[in-house]
Each structure stands twice: as C-alpha cells, then as structure tokens.
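# Summary of structural features
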Amino acid sequence: MSKLSLQQIKPQHFAIAGELTRYSVADKRLSEQLVQGLEQVEIDLSEVTRVDTAGLAWLIQASSQLQRQGRQLQLNHIPEQLHKLMQLGQVESIFE
C-alpha cells in the first residue's frame, strides 16, 4: 500500500510527501483537508516520491472543486514525473 501524507504548514499552505498514486489518493480525508474554506490553497510537492495518472487526476479534481467555489489551487515544486504526465495529458494550463 502506498503511503502519502498531507500536512498543513500554514493556514493555506500544505505539503504532500510520499507516493501520489491510485492507492494513496483513494483516502477521501485528503481531499477534505484541502477544501476547508481557504481562498487559495498552495501545495508543496517537493517531497512526492512517485506519481501516477490517478495522482494527477486527484490534483485536477481538487483544482476543479476549488474553482467551482471561486478559489484557487497553486502547485509548488512540481516533480519531473508529474510535470511529464501533465504535458502528456495536456493539462498544464489547469495549474497556471
């Protein structure tokens, strides 16, 4: 089983560490932490060790959910593996 942790650093700043994969993003509590009324959510991905398309889909869904609420998601320190998946899926503009 993949391990992933989402830690709140500051009121609007989170850090994700571990594997952002289909096994780890299935935990609904992760999404709930991100959508707690903050105007803008920043996620530091510098400690992500592995990512797959399900991890990317989870980030897209979180961004979409926040946008529907008039809020914004900003990703910081995007790992190369995630960046390549974004390019392949042509979804980089979602996170600009």
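Structural data are supplied above this passage.
Residues numbered from 1 in each chain as written. Predicted model: local features only at pLDDT ≥ 70, side-chain atom pairs only at ≥ 80, totals over all residues. Heavy atoms only, no water.

This part is about the sheet that holds strand β3 (residues 40–51). Spatial strand order, β1-β2-β3-β4: 4 strands in an open sheet with mixed pairing. Two strands in the sheet have a free side with no partner beyond their single neighbour: β1 (4–10) and β4 (72–76). Taken pair by pair, the neighbouring strands of this sheet meet at an average axis angle of 25 degrees, ignoring direction. Where β3 lies against β4, 5 bridges are found, and the strand directions are parallel. (Pairing = 2+ DSSP bridges. Helix = DSSP H or I, 4+ residues; strand = E, 2+ residues; numbered from the N terminus. Axes fitted to C-alpha atoms, helices over the stretch in contact; angles between N-to-C directions.)

Once that is clear, we can look at unusual backbone geometry. Look at H77: it is not a glycine, yet its phi comes out positive at around 55 degrees. By the secondary structure assignment, H77 is in the loop between β4 and α3 (80–89). A positive phi is found at Q90, a non-glycine position, where the angle reads about 55 degrees. The topology assignment puts Q90 in the segment after α3.

Within the largest apolar cluster, 23 residues are counted, with the highest numbers of intra-cluster contacts made by I16, L20, I43, L59, L73 and L75. Broken down by secondary-structure element, the contributors of at least two residues to this core are β1, β2 (13–20), β3, α2 (53–68), β4 and α3. (Core = buried A, V, L, I, M, F, W, Y, C linked by side-chain atoms within 4.5 Å. Buried < 20%, exposed > 50% of the residue type's maximum accessible area, 1.4 Å probe, protein only.)

Before going further, it helps to examine α3. If you check which residues of α3 are buried, you get L82, L85 and M86. Projection of α3 onto a plane perpendicular to its axis shows the buried side chains occupying an angular sector of 100 degrees, all on one side. Those residues of α3 that are buried are in contact with β3, α2 and β4. Q90 sits one or two residues past α3 and shows a positive phi near 55 degrees. (Arc of directions from axis to C-beta. Contact = heavy atoms within 4.5 Å.)

Shape descriptors only; they carry no functional weight alone.
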